[in-house]
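Structural overview
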Amino acid sequence: MAQHCPECGFANADGANYCQRCGAFLAQSEPPPGATTAAYKVSDTGEFEEVELEDIVQRGAALVIRAGGGRAGESFALEGDRLTVGRRPDCDIFLDDVTVSRDHAILVRRGSDYYLDDCGSLNGTYVNRRRIESHRLADGDELQVGKYKLAFLSR
């Protein structure tokens, strides 16, 4: 059964959160009461290591995958002044799915703030359900890159 976009009327696949044509938000999916997401990182040996979000955020800003690609909970500490996001394996934040462009976006530190800049991606980059070209990130912002939803965390 198709989900029709409230903005443009496009018939999207069932379960889609954003319109494939215009990027409008389709439906709010609420997690079950008391549900939490465990965060982890992939070690040098390829094993999952559970991490506490507070420990990551105390060292600086981080991105945590909330949904997409079976990688919910994976975290990325934002270290450095420029991080690449995309489907290219050498990207700092590698998101392996055809909905993600090879060079999808970049995260740039400007002073004490992080900015997310779209790199002309085919499917666009979204922050809090709005398509962006460049956006200053704030704690708790929800990013969407292809089918991946990520949370920006900072203190």
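Residues numbered from 1 in each chain as written. Predicted model: local features only at pLDDT ≥ 70, side-chain atom pairs only at ≥ 80, totals over all residues. Heavy atoms only, no water.

By the definition in use, this model includes one aromatic pair. Across the ring face of tyrosine 115, the terminal group of arginine 110 is positioned such that the distance to the ring centre comes to 4.5 Å. (Phe/Tyr/Trp six-rings, centres within 6.5 Å; stacked < 30°, edge-to-face > 60°. Lys NZ or Arg CZ within 6 Å of the ring centre and 35° of its normal.)

Read across the sheet, six strands follow the order S6-S5-S15-S14-S11-S12 without closing on themselves; strand pairing throughout is antiparallel. Where the open sheet ends on each side, the last strands, each with one partner, are strand S6 (75-77) and strand S12 (130-132). Neighbour-to-neighbour, the strand axes of this sheet turn through a mean angle of 30°, independent of strand direction. Judged from the three bridges that link them, strand S11 (residues 125-127) and S12 form a sheet pairing that is antiparallel. For threonine 125, the partnering residue across the bridge sits in S12 and is isoleucine 132. (Pairing = 2+ DSSP bridges. Helix = DSSP H or I, 4+ residues; strand = E, 2+ residues; numbered from the N terminus. Axes fitted to C-alpha atoms, helices over the stretch in contact; angles between N-to-C directions.)

This brings us to the environment of isoleucine 93. Within the element layout of this structure, isoleucine 93 appears in strand S8 (residues 93-94). Residue classification places isoleucine 93 among the buried positions, given a relative accessible area of 1%. Leave out the neighbours within four places in its chain, and isoleucine 93 touches Leu63, Phe76, Leu78, Thr84, Val85, Gly86 and Leu107. (Buried < 20%, exposed > 50% of the residue type's maximum accessible area, 1.4 Å probe, protein only. Contact = heavy atoms within 4.5 Å.)

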